[in-house]
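# An overview of the molecular structure
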Amino acid sequence: MNNRLPGIVSLLLFFVAVLIGVFAIFRVSPSATWLYIGLILASSSVVVYSYCSKCSVRLTSCGHVIPGWLTQFLPVRDQGDYSVTDYLGTAISFVALVGFPQYWLWKDKLFFFVFWTLLIAALIEIRLFVCVACGNEKCPLCKRAD
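Residues numbered from 1 in each chain as written. Predicted model: local features only at pLDDT ≥ 70, side-chain atom pairs only at ≥ 80, totals over all residues. Heavy atoms only, no water.

## Digging into the packing of aromatic side chains
Scanning the entire structure with this criterion turns up 11 aromatic pairs. Measuring from ring centre to ring centre gives 6.3 Å for Y51 and Y87, while their planes differ by 50 degrees; the resulting arrangement is tilted. Remark: Y87 occurs in helix 4 (residues 84–99) and Y51 occurs in the loop between helix 2 (30–50) and helix 3 (66–70); sequence separation between them is 36 residues. Since its relative accessible area comes to 17%, Y51 is described here as buried. Joined through ring pairs, the aromatic side chains of Y36, F100, Y103 and W104 make up one cluster. Looking at R77, its charged tip hangs above the ring of Y49, at a distance of 4.6 Å from the centre. Just above the ring of W106 sits the side chain of K109; from NZ or CZ to the centre is 4.1 Å. (Phe/Tyr/Trp six-rings, centres within 6.5 Å; stacked < 30°, edge-to-face > 60°. Helix = DSSP H or I, 4+ residues; strand = E, 2+ residues; numbered from the N terminus. Buried < 20%, exposed > 50% of the residue type's maximum accessible area, 1.4 Å probe, protein only. Lys NZ or Arg CZ within 6 Å of the ring centre and 35° of its normal.)

## Overview of helix 1 (residues 5–28)
For helix 1, spanning 24 residues, the distance from its first C-alpha to its last is 35 Å, which sits close to the expected 34 Å at 1.5 Å a residue. For helix 1, the full list of buried residues reads P6, G7, S10, L13, A17, V18, I20, G21, V22, A24 and I25. Tucked into the core, helix 1 has its buried residues touching helix 2, helix 5 (102–107) and helix 6 (109–133). (Expected span 1.5 Å × (residues − 1). Contact = heavy atoms within 4.5 Å.)

Below you can see the structure in the form of structure tokens.
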């Protein structure tokens, strides 16, 4: 069994960044907060479906643990090459998830700075530690695919 700590750490960093976004929005607009929470749930579901559900190691050695586990509850997809639609679904969902709170984060520069610091730390953690141990050779970020 591989070391899944980096994947869990990156998920926690990302989760805390998103929570900061939720809090920054809530301070100004409780109704927009509910919209963002809905966007978080929808975007996360699309990422797990579009990307994680095609991963060949999602049920055996998912570095992030939770997304791999969640794929069990989604329609079965063939493991293999990612399509343009898979990439677009993932990218659009990620941009929406990260982009939506920017207006409210910018109103408080400390929140903005902490949000982006945590997000960048999560992405660095993924690239340097999670991708290195991943066995999904169809993923363009997999070190074995280089």
